[in-house]
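Breakdown of the fold
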Amino acid sequence: MKLVIANWKMNMNLPETTGWLEEFTRMQKNDSLAVEVVIAPPFPYLGEVKSTGLSVGAQDVSALEKGAHTGEVGAFQIKDYCKYCIVGHSERKEDKAAVLKKRNACLKARIIPIVCFVEPADALDYYADGAVLAWEDPANISVGGNYKAKDPQEIDAEATFMKKSLPDNATLVYGGSVNRQNAKELANIVELDGVLVGNASLDPAHFMEIVEAFTL
Ligand code: PGA
């Protein structure tokens, strides 16, 4: 099943979040079984998303276990809300060791980490059994709605290259300016198991078009 993941980043307050969820669930069709939709809201809204029945992802987690760590949120605290957790997003500027600690904290708590990385040649370094890999080049991450998407042919070639270095059952998604214009082409890339969508996921109708491109 393909994964279509919404990474909301630090956008939307509570009324906007509930409005988005109402609109999206109203548009949802029951037969879209070919796709798992994952919504990754900011921490305060994990429960709001969970109550819709959609799969929930956190956007980050602490690498620490528990205790006197002001402001940190641990894997044991989000696991009741989240099936998934994004770790190592390039906007967080964490080094590989920190990302792998967070990946492992998720796996220990039985949360599926969505492990972000930049260089295709590094895919295997970030892989672990039970993790999802998310390849994202910061050069292609949309800022302010300006999409500078990679050429789908290049994505196809890189995905094929990465899959060759990974175990057969590895799950690989692409992120960076995924939008309603390029979703269909991305859905047709055999070696790609889904997409991680930032900016275009903030509009429920736009995000639904991407989900449908992967469904049909
Ligand atoms: P974008 O963000 O879709 O706005 O490029 C993707 C991401 O950073 O996860």
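Parameters and conventions
Residues numbered from 1 in each chain as written. Predicted model: local features only at pLDDT ≥ 70, side-chain atom pairs only at ≥ 80, totals over all residues. Heavy atoms only, no water. Near = heavy atom within 4 Å. Polar contact = N/O pair within 3.5 Å; in protein donor to acceptor, adjacent residues only side chain to side chain. Areas by Shrake-Rupley, 256 points an atom, 1.4 Å probe, with all protein chains shown as cover. Nonpolar A, V, L, I, M, F, W, Y, C, P; charged D, E, K, R; others polar. Pairing = 2+ DSSP bridges. Helix = DSSP H or I, 4+ residues; strand = E, 2+ residues; numbered from the N terminus. Axes fitted to C-alpha atoms, helices over the stretch in contact; angles between N-to-C directions. Contact = heavy atoms within 4.5 Å. Core = buried A, V, L, I, M, F, W, Y, C linked by side-chain atoms within 4.5 Å. Buried < 20%, exposed > 50% of the residue type's maximum accessible area, 1.4 Å probe, protein only. Phe/Tyr/Trp six-rings, centres within 6.5 Å; stacked < 30°, edge-to-face > 60°. Lys, Arg positive; Asp, Glu negative; His and termini not counted. Salt bridge = Lys/Arg side-chain N within 4 Å of Asp/Glu carboxyl O.

With respect to the site of the ligand
Taken together, 13 residues surround the ligand, and among them Lys-9, His-89, Glu-136, Ser-142 and Ser-177 come closest. Within the side chain of Asn-7, an N or O atom sits 3.2 Å from an oxygen atom of the ligand. In this structure, Glu-136 approaches the ligand through a side-chain N or O atom, which is 2.7 Å from an oxygen atom. In the complex, 100% of the free accessible area of the ligand, which totals 280 Å², lies under the protein chains. For the shell around the ligand, the class distribution of residues is 3 nonpolar, 8 polar and 2 charged.

Structural notes on the sheet that holds strand 1 (residues 2-7)
In spatial order, the strands read 1-2-3-4-5-6-7-8; together these 8 strands close into a barrel with parallel pairing. On average, each strand axis in the sheet is inclined to that of its neighbour by 25 degrees, with strand direction left out of account. The pairing of strand 3 (residues 55-58) with strand 4 (residues 84-87) spans 2 bridges and is classified as parallel. Bridging from a neighbouring strand, Ala-58 pairs with Cys-85 of strand 4. Contacting strand 5 (112-117), strand 6 (132-136) and strand 7 (171-175), helix 6 (residues 152-165) crosses the sheet at an angle of about 150 degrees to strand 7.

Re the nonpolar core
Nonpolar side chains tend to gather and get buried jointly when the protein is soluble and globular. Formed by 55 residues in total, the largest nonpolar core has its most connected members in Val-4, Ile-39, Leu-133, Phe-207, Ile-210 and Phe-214. Broken down by element, this core gets its largest block of residues, 6 residues, from helix 8 (residues 204-215). Apart from residues lying up to four places away in sequence, Phe-207 is in contact with Val-4, Ile-5, Ala-6, Trp-20, Phe-24, Val-37, Ile-39, Val-197, Ala-200 and Ser-201.

With respect to the environment of Val-132
With respect to the secondary-structure elements, Val-132 resides in strand 6. Judged by its relative accessible area of 4%, Val-132 is buried. The spatial distance from the C-alpha of Val-132 to the C-alpha of Ile-189 is 17 Å, given a sequence separation of 57 residues. Residue contacts for Val-132: discarding those within four places in its chain leaves Leu-3, Tyr-84, Ile-112, Pro-113, Ile-114, Val-115, Thr-171 and Val-173.

Considerations on unusual backbone geometry
Glycine aside, negative phi is the norm for most residues, and most peptide bonds take the trans geometry. A positive phi angle is found at Met-12, which is not glycine, with a value near 75 degrees. Looking at the element boundaries, Met-12 is found in the loop between strand 1 and helix 1 (14-27). Even without a glycine there, the phi angle at Arg-110 is positive, about 60 degrees. Within the element layout of this structure, Arg-110 appears in the loop between helix 4 (96-108) and strand 5. Relative accessible area serves as the criterion here: at 77%, Arg-110 is assigned to the exposed category.

Concerning the packing of aromatic side chains
In this structure the tally under the stated criterion is 6 aromatic pairs. Consider the rings of Trp-8 and Trp-20, whose centres lie 4.8 Å apart with planes at 65 degrees: the pair is edge-to-face. Highlighted residues: Trp-8 in the loop between strand 1 and helix 1 and Trp-20 in helix 1, separated in sequence by 12 residues. Taken individually, Trp-8 and Trp-20 each receive the classification buried, so the pair is uniform in this respect. When the ring of Trp-20 is compared with that of Phe-207, the centres are 6.0 Å apart and the planes differ by 45 degrees; the resulting orientation is tilted. Here Trp-20, found in helix 1, pairs with Phe-207, found in helix 8; they are 187 residues apart in sequence, far enough to count as distant.

Here's the deal with the environment of Lys-163
One can find Lys-163 in helix 6. In this structure Lys-163 comes out as buried when scored by relative accessible area, which is 14%. For the pair formed by Lys-163 and Glu-191, sequence separation is 28 residues and the distance between their alpha carbons is 6.9 Å. Apart from residues lying up to four places away in sequence, Lys-163 is in contact with Ala-170, Leu-172, Glu-191 and Asp-193.

So, the side chain of Glu-136
Take Glu-136: it is sitting in strand 6. One buried charged side chain, Glu-136, makes no salt bridge at all; its nearest oppositely charged neighbour is Lys-9, positioned 6.2 Å away. Those residues in contact with Glu-136, other than ones at most four positions away along the chain, are His-89, Cys-116, Phe-117, Val-118, Ile-141, Gly-175, Gly-176 and Leu-196.

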